[in-house]
Every structure is written in structure tokens, then in C-alpha cells.
Amino acid sequence: MSYPEQRYFGESGEHSGVFRSAGDPPDLPMRTTQVHYLATGGLTGGAYGLYRWEMGPSPSGPGAHFHRTMTESFYVLSGTIRLYDGVKWTDGRPGDFLFVPEGGVHAFRNESGEPASMLILFTPGAPREAYFEELADIAATGRNLTPEEWTELYRRHDQYMV
């Protein structure tokens, strides 16, 4: 393992950090989940995407799926979040972490009846916010997609349900 290729060629560094306060409102408020776009793939030059996922007490979370182009990692901040590693479900508690490589089947759910939050990290930084926003719009408008429309939506966003 070695360091990646150099990406910055300046001599003295730059003042280019981006601060985000924990008190900032969510970028995507949904019915039971609040999503904070901490660092999108666009902000990080495609290096990674980092999101804070705050789930309310109602059951929520995607079914088992995998991605072909990116890894996904989960770090539980608060509450209990059920994490699926492709083999078994585990109750993730604060400090627990799950890494899923490309092609790894995974899922997560809040079934605790209490609020829970976690960080979700994608590498490289794909435009996941477009996927999240499309799902939120479907839920908010009550649109009913055909199985073919769901398949196309998932395909466009590197989401393969199993």
C-alpha cells in the first residue's frame, strides 16, 4: 500500500477548508429521516461523499442491495441501527462500524422505536444526493412507480436490489 498520486501541486498550501456546523439544518428533510450532506462528491472532487443520517423512531431503511462502483461505510452515532453485512443482521450501537466493498450486499434499518443516527461514507464520491432527493420526492408526492421504473431508477444510481 502506498500513497495515491499527488493531486495538489502548489508550494505553500491553501486556505480552502469547508466548515459545517452540527447545528445547520438538514439538506434533505424527509418524513422520518433528516439527511445532512456533510461532504458531497462534488465538494471533495470525487474523493468521497459523507452524510449524516438521522432517523426518527418509525421503522425505516432500504432493503438489501449492492453497488458496483463504490464502497459504503456506516458509523453509528446514536441509538440502535440494524446493519446487514450480507450474511446477518447486527444491532449497531454508538461507535460500531460496518465497511462494505463494491459488490457487497448490505442494508440498514432503524427498528428500535427510538431515534438513531449514523454517518454514511461513499468512496469514491458518487452523486448520492440526487438518488436521495429522487426517493424523497417519490415519497412526498405519493408517486407509484412500476417495477420497470424502479429498476431504471436504481440502475441510474448504482443501486442493485437483491
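Look up: the structure comes first, before these words.
Just so it is clear, the structure is predicted and the values come from calculations on it, not from any experiment.

(A) Focus on the nonpolar core. The biggest cluster of nonpolar side chains holds 26 residues, and the ones touching the most others in it are Trp53, Phe74, Ile81, Phe108, Met118 and Phe132. Within the residue set of this core, elements represented by two or more residues are β2 (33-39), β3 (49-55), β5 (71-78), β6 (81-84), β8 (97-100), β10 (116-123), α1 (128-141) and α2 (147-156). Excluding anything up to four places from it in sequence, tryptophan 53 contacts Met30, Thr33, Gln34, Val35, Phe108, Ala116, Ser117, Met118, Ile120 and Phe132.

(B) Representation of the sheet that holds strand β7 (residues 89-92) in the model. The antiparallel open sheet is built from 3 strands, whose spatial order is β7-β6-β9. In this open sheet, the two edge strands, each paired with only one partner strand, are β7 and β9 (107-109). Strand-to-strand twist of the sheet, defined as the mean angle between neighbouring strand axes without regard to direction, takes the value 25 degrees.

(C) Representation of the sheet that holds β2 in the model. Taken together, the 6 strands give an open sheet; going across it, the order is β1-β2-β3-β10-β5-β8, and neighbouring strands pair in antiparallel fashion. Of all strands in the sheet, those with a lone pairing partner are β1 (28-29) and β8, marking the two edges. Bridge analysis of β3 against β10 gives 7 bridges, and the strand direction is antiparallel. Counted as the bridge partner of leucine 50 is leucine 121 from β10.

Reading the values: rules and limits
Think of each chain on its own: its residues are numbered from 1, step by step along the sequence as written. Selection of residues for local features in this predicted model requires a pLDDT of at least 70, selection of side-chain atom pairs for listing and counting requires 80 or more, and totals for whole chains, interfaces and linings are taken over all residues. Side-chain figures throughout are based on the complete set of non-hydrogen atoms in the structure, without hydrogens or water. Put simply, buried Ala, Val, Leu, Ile, Met, Phe, Trp, Tyr and Cys residues joined by side-chain atoms within 4.5 Å make one nonpolar core. Burial classes: relative accessible area under 20% of the type maximum marks a residue as buried, over 50% as exposed, and values in between as partly exposed (1.4 Å probe, protein chains only). Secondary structure elements are defined from DSSP: runs of H or I of at least 4 residues count as helices, runs of E of at least 2 residues count as strands, and each element is numbered from the N terminus. The contact criterion used is simple: two residues touch if any of their non-hydrogen atoms lie within 4.5 Å. Two strands qualify as a pair provided DSSP detects at least 2 bridges between them. Axis lines are fitted through C-alpha atoms, for helices just across the contact stretch, and the angle between N-to-C directions can take any value from 0 to 180 degrees.

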